[in-house]
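# Chains, contacts and geometry: an overview
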Amino acid sequence: MSLLKKNSARLRDEERMRLIWLLTTDKAITSALLGKLTLAEQYDESTLVDDLAEVGALVAHLQPADLADTLEALPSEERHALWNMIEDDRRGKVLLEASENVWDDLIEDMSDRALLDATANAGY
């Protein structure tokens, strides 16, 4: 394996771990993504904005398979928060890479139309 591929795989692993860490250690991030931010969690809005921007950048950079792996590693609430950050046109590809448990958890709250749209955009 070339050095570039090793570094690339290592970088993806680091990005996935950073995303998991952000979502599981700071409840304000998860709450904000789910639209449930409490007054107590709004203590440092600038830090929260920076953290949400970092989550968005990581989500935009990671491939669907990496996002599926990340979703599988998260508890349900954090999984739904991350799912909210994934663009609609990428959701089908992520779902195709995810396990049945993740499918069941994520599609539970999706309308039939949203599910059809996601899978239609999968492009496989």
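The shown structure was predicted, so the numbers you read here are calculated from the model rather than taken from an experiment.

Another aspect to go through is the confidence of the model for the protein. Of all residues in the protein, 83% attain a pLDDT of 70 or more, and the chain-wide mean is 85. Confidence, read as mean pLDDT per element, is least for helix 8 (residues 112-120) in the protein (67) and greatest for helix 4 (residues 64-73) (95).

Here we take up the nonpolar core. Looking at soluble globular proteins, one finds that nonpolar side chains tend to be buried together. One finds Leu19, Leu23 and Leu71 to be the most contacted residues of the largest nonpolar core, which totals 25 residues. Looking at this core, the elements that each hand over two or more residues are helix 1 (3-25), helix 2 (27-34), helix 3 (45-61), helix 4, helix 5 (76-85), helix 6 (88-97) and helix 7 (100-107). In contact with Leu23, not counting residues within four places along its chain, are Ile29, Thr30, Leu33, Leu74, Glu78, Ala81 and Leu82.

Two side chains with opposite charge may pair up if their charged atoms get near one another. Applying the stated criterion across every chain yields a total of eight salt bridges. For Lys27, the salt bridge goes to Glu78, with nearest N and O atoms at 2.3 Å. Separated by 51 residues along the polypeptide, Lys27 in helix 2 and Glu78 in helix 5 bring together distant segments of the chain. Residue class for Glu78 comes out buried when judged on its relative accessible area of 4%.

A few words now on helix 2. Buried within helix 2 we find Ala28, Ile29, Thr30, Ser31 and Leu33. Between the side-chain oxygen at the start of helix 2 and the backbone nitrogen of Ala28 there is a gap of 3.0 Å, and the oxygen is on Asp26. Directly beyond the C-terminal end of helix 2, a positive phi value near 75° is found at Gly35.

Below, the discussion takes up the packing of helix 2 against helix 5. How two helices pack is summed up by the angle between their axes together with the distance between the axes. For the pair helix 2 and helix 5, the least separation of the axes is 8 Å and the interaxial angle reads 55°. Put simply, helix 2 runs oblique to helix 5. In the crossing of helix 2 with helix 5, the sense of the turn from one axis to the other is left-handed. Residues Lys27, Thr30, Leu33 and Leu34 of helix 2 lie in contact with helix 5, whose contacting residues are Glu77, Glu78, His80, Ala81, Asn84 and Met85.

A cluster of acidic residues, Glu100, Asp104, Glu108 and Asp109, forms a negative patch at the surface. On the secondary structure map, Asp109 appears in the loop between helix 7 and helix 8. For Asp109, a relative accessible area of 57% translates into the label exposed.

This part covers the environment of Glu77. Structurally, Glu77 can be placed in helix 5. When the C-alpha atoms of Glu77 and Thr24 are compared, they prove to be 9.5 Å apart, with 53 residues separating the residues in sequence. Sequence-distant contacts of Glu77, that is, excluding residues within four places in its chain, are made with Lys27, Thr30, Leu34 and Lys36.

Conventions adopted
- Residues numbered from 1 in each chain as written.
- Predicted model: local features only at pLDDT ≥ 70, side-chain atom pairs only at ≥ 80, totals over all residues.
- Heavy atoms only, no water.
- pLDDT = per-residue confidence, 0-100.
- Helix = DSSP H or I, 4+ residues; strand = E, 2+ residues; numbered from the N terminus.
- Core = buried A, V, L, I, M, F, W, Y, C linked by side-chain atoms within 4.5 Å.
- Buried < 20%, exposed > 50% of the residue type's maximum accessible area, 1.4 Å probe, protein only.
- Contact = heavy atoms within 4.5 Å.
- Salt bridge = Lys/Arg side-chain N within 4 Å of Asp/Glu carboxyl O.
- Polar contact = N/O pair within 3.5 Å; in protein donor to acceptor, adjacent residues only side chain to side chain.
- Axes fitted to C-alpha atoms, helices over the stretch in contact; angles between N-to-C directions.
- Parallel < 35°, antiparallel > 145°, perpendicular 65-115°, else oblique.
- Left-handed = near helix turned anticlockwise from the far one by under 90°.
- Patch = residues over 30% accessible without salt bridge, like charges linked within 9 Å, V, L, I, M, F, W, Y side chains within 5 Å.
- Areas by Shrake-Rupley, 256 points an atom, 1.4 Å probe, with all protein chains shown as cover.
- Lys, Arg positive; Asp, Glu negative; His and termini not counted.
- Charge placed at Lys NZ, Arg CZ, Asp CG, Glu CD.

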